[in-house]
Amino acid sequence: MSTTLADVAAFLPERRVPVEELGPELGLTPTQVRVLRRFNGLGEVRRQQPGETLVDLLEGAARALPTLRGREHLVRYVLHARGVPVVAPYPVNPVHELRTRLGLAGATAFAVTHHACASGLLAIDIAGRLLTREREPGALALVVAGEQVFTQDERLAPDHRVFGEGAGACLVSAGGPGDVLLSYVAGQRGDLDHWGVDGLGAMDRFAQEYTELLSDVLLAALKQADLGIDDLALVLPHNVNVVSWRRVCRRIGLPVDRVLLDNVPLVGHTPSADTFINHASAVALGRLAPGDRYLTAGAGFGAVFSAMVFEHQGSGNMAATEVTELRTRVVDTLSVLLGQLLGGDLPAVSEETRLFDELGLSSSKTLELLLALEDELDIQVDVEEIDRRDLASVGSLSDFVVAHADGA
Amino acid sequence: MRTVRDPMFMTGLPGEGTGLVLRRVVHRGDDADSTLAVHPTLRPYLTDLVATHGLALREEVLGTGQAYAELAAPVVEAVTSADEPVDLLVLAYGVPDVQPGRNVALHLASCCPGDPLAFAVCDQGPAAAFTALRLIADYAATGACRRAVLVVAEQSAVPYPLTAPAPVPDRHAAVALLFESGPSPVGVRTHTALPPESVDAVLAADIAELTGESDGVTLVLGSGMDSAADVLRAVPGLPYTGLWARLGDCEPGELLVFADYDPALGYLCVAAVEPQLRTTAVAATGSPGSGRRCGEHGGQGLN
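Residues numbered from 1 in each chain as written. Chains lettered and ligands numbered in written order. Predicted model: local features only at pLDDT ≥ 70, side-chain atom pairs only at ≥ 80, totals over all residues. Heavy atoms only, no water.

What's the story with the environment of E311 of chain A in this structure? I'm lost.
All names here are of chain A. Following the sequence through the fold, E311 ends up in strand β11 (residues 304–314). The spacing of E311 and G178 is 133 residues in sequence and 8.5 Å in space, taken between C-alpha atoms. Side-chain polar atoms of E311 contact the side chain of R293, separated by 3.3 Å. (Helix = DSSP H or I, 4+ residues; strand = E, 2+ residues; numbered from the N terminus. Polar contact = N/O pair within 3.5 Å; in protein donor to acceptor, adjacent residues only side chain to side chain.)

Just to check I follow, could you spell out the nonpolar core for this structure?
General note: in soluble globular proteins, nonpolar side chains tend to be found buried as a group. L79 and L142 of chain A together with F119, L133, Y139, W244 and F258 of chain B are the most contacted members of the largest nonpolar core, which has 151 residues in total. Among the elements that take part in this core, helix α4 (residues 127–141) of chain B stands out by supplying 11 residues, more than any other. The residues contacting F258 of chain B, other than those within four sequence positions of it, are F130, L133, V220, L243, W244, L247, C269, V270, A271 and V273 of chain B. Of all hydrophobic cores here, the second largest spans 49 residues; its members include L28, V162, V240 and L261 of chain A. (Core = buried A, V, L, I, M, F, W, Y, C linked by side-chain atoms within 4.5 Å. Buried < 20%, exposed > 50% of the residue type's maximum accessible area, 1.4 Å probe, protein only. Contact = heavy atoms within 4.5 Å.)

Got a minute to help me understand the environment of P137 of chain A in this structure?
All names here are of chain A. You can see P137 is positioned in the loop between α5 (119–132) and β6 (140–146). Under the relative-accessibility criterion, P137 is labelled exposed at 69%. Spatially, the C-alpha atom of P137 lies 8.9 Å from that of A174, the residues being 37 residues apart in sequence.

Hey, could you run me through the packing of α5 of chain A against α4 of chain B in this one?
Working note: a packed helix pair is described by the angle between its axes plus the distance between those axes. Following both chains from N to C, one finds α5 of chain A and α4 of chain B inclined at 75°, their axes separated by 9 Å at the closest point. Classified by the interaxial angle, the pair formed by α5 of chain A and α4 of chain B is roughly perpendicular. Between α5 of chain A and α4 of chain B, the residues in contact are L122, D125, I126, R129 and L130 of chain A and R134, L135, D138 and Y139 of chain B, respectively. Grouping the constituent residues of the contact of α5 of chain A with α4 of chain B by class yields 5 nonpolar, no polar and 4 charged. (Axes fitted to C-alpha atoms, helices over the stretch in contact; angles between N-to-C directions. Parallel < 35°, antiparallel > 145°, perpendicular 65-115°, else oblique. Nonpolar A, V, L, I, M, F, W, Y, C, P; charged D, E, K, R; others polar.)

Help me understand the interface of chain A and chain B, please; the structure alone is not making it clear to me.
Think of interface size as the accessible area that goes away when the parts come together; that is how it is often given. Each side of the interface is counted separately: chain A has 71 residues, and chain B has 74 residues. For the pair chain A and chain B, the summed buried surface comes to about 5,900 Å²; carbon and sulfur atoms form 57% of the total. On the chain A side of the contact with chain B, Y90, R129 and W195 of chain A bury the most area, a combined 17% of that side's loss. Linking chain A to chain B there are 4 salt bridges. Salt-bridge contacts for R82 of chain A lead to D123 of chain B; the nearest nitrogen and oxygen are separated by 2.9 Å. For the interface between chain A and chain B, the tally reads 32 residue pairs in polar contact (both at pLDDT 80 or more). Those elements that place two or more of their residues in the side of chain A that touches chain B are α4 (94–101), β5 (108–113), α5, β8 (178–188) and α6 (199–224) of chain A. Considering each element in turn, the side of chain A that touches chain B owes the most residues, 9 residues, to β8 of chain A. A per-class count over the side of chain A that touches chain B returns 37 nonpolar, 22 polar and 12 charged. Where β5 of chain A and strand β4 (residues 117–122) of chain B come together, 3 bridges link them in antiparallel fashion. Within β4 of chain B, the residue paired with V112 of chain A across the bridge is V121 of chain B. (Buried area = accessible area lost by both parts, 1.4 Å probe. Salt bridge = Lys/Arg side-chain N within 4 Å of Asp/Glu carboxyl O. Pairing = 2+ DSSP bridges.)

If you want it as structure tokens, here you go:
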């Protein structure tokens, strides 16, 4: 069985703070702030309102998961992926408070940390392995990531990136519909330890070696997935800054426009949550299509450099070409079946054709259409998660069928 | 399946794996405080941390305590040796380190032969160590780990008042356990939201199921459990490492079953492991553990 992201969501507090306002708080000169904006591509970050808590932040992301509601009984694990090891005074326990708020009392909850801002990727790998040996079919793990910016660690000089508050969440399953994990690579360098004996020296060496080390894990993750740069549809970065990603792109020959840098000026760097926030944005922007292979990466002091490669809405281990072929057959067959259903009244059908608004189909008629499609293509579609958005158009219905088809 | 032996952990789709046996257990206590506990960045960090919950620092405690990097490195070195590369290192703790921002697991990995994947599990009370064991078993069972080190650490200095009852050790201690591939799967049961009155019955049922028809069983109970039975008890005063320190005391050939209960979070954890204990790496090799200086890079570069 494969580790699968069954659902991904993000939550951003509404309060926007421009980097110019953060300057005094962070001890930056006006010139340093200009460098942040002009050179590093940073613009503003999100912050919670005074009095709001870390659990509020994490809950926002978990409740944004469309498919969590109604499946709480299947959640066996709740993992808080943490960039900073200590974020609350002992024994205050954010992940257990979150578990209670979400009604997941039967789940085992814990924090996963010491992978700095790449802890979110680690938590996904851990969740997948926990579920692989879970006896109950359909079992899920909830991974949440996000932290409050409650202090300024004097060692983490804010000259290249600015921390924002935001959270991400995902439901991990062992198989089933969703984004299939193809590879995970973590390169660790315990000698680049900013809390170690030679902390300042380690930070300097981290900065000097950063581009090479991050580039190497990206290439290693692609190789492990048996893919090349050209096979990648998109890279979901950590939002540390724009310029460091341009350097990585130059080094490995990756076009910069394939890195989703849109959130760097809008959100800043959210510890461990950037992957999830950028995933939600990529889906909303239409940057990921079924079968697309994408990579997500993170890095942090300590030091660790990590990358994961996924296939978006892959059908288990179905190859991308098979997914594309199936989708073409689904669209073609739907056109034929709609012709049979509506007879001479049928306007020209395309992927954009809206089933309710243009063709006047009812929900029940659309489900009948789905059953006829199953018979015609000899496939079985898991309809448990279907909702009205999936039935909106020929294209959206086709996407759902491809992502939820068994035996194709 | 892990395919290369270099400083990167690489994995693809989960594969077929193995069970585990327990090879070595090394425990150490430390009454001294670390010089790292007086680092000038700690006061502003901790002041901001406790302010999020309306607390103030305890001046008489601030500046004391132990750093897990220094506390645990010797036990990691003692259970490993240069000719036994380690694939995975998992650190579990409850009480925070005196270095709140340090990714200690990465440092401990640099004390290990094999450049293991390393991370930490916390915020689960004493159950975190059982979760760490479960994860080691899961990585082994999915083909990503043939040799692993479990580290549990605790230190006694909490420089602010507790907002709720929680275990605090009376001294600093760390324990490391070395596991290797074996035929038997490690059984770890974690029961959630269990009230105290249900613990005995659930524990008895688990023990019966985990031991099956085993001839001999060594039972070890953690500091969160009451029992009049003739069993091994955790080392007193060490709520996090005290149970794990006793796992080296089992009778040869007996199945090792151990359990702990945390009334605060409601976890009952029960585990069974086959011990095939060897002498410590220090004694076995005649050299100081892994023979690798902590913090030393593997030297191969990330390629």
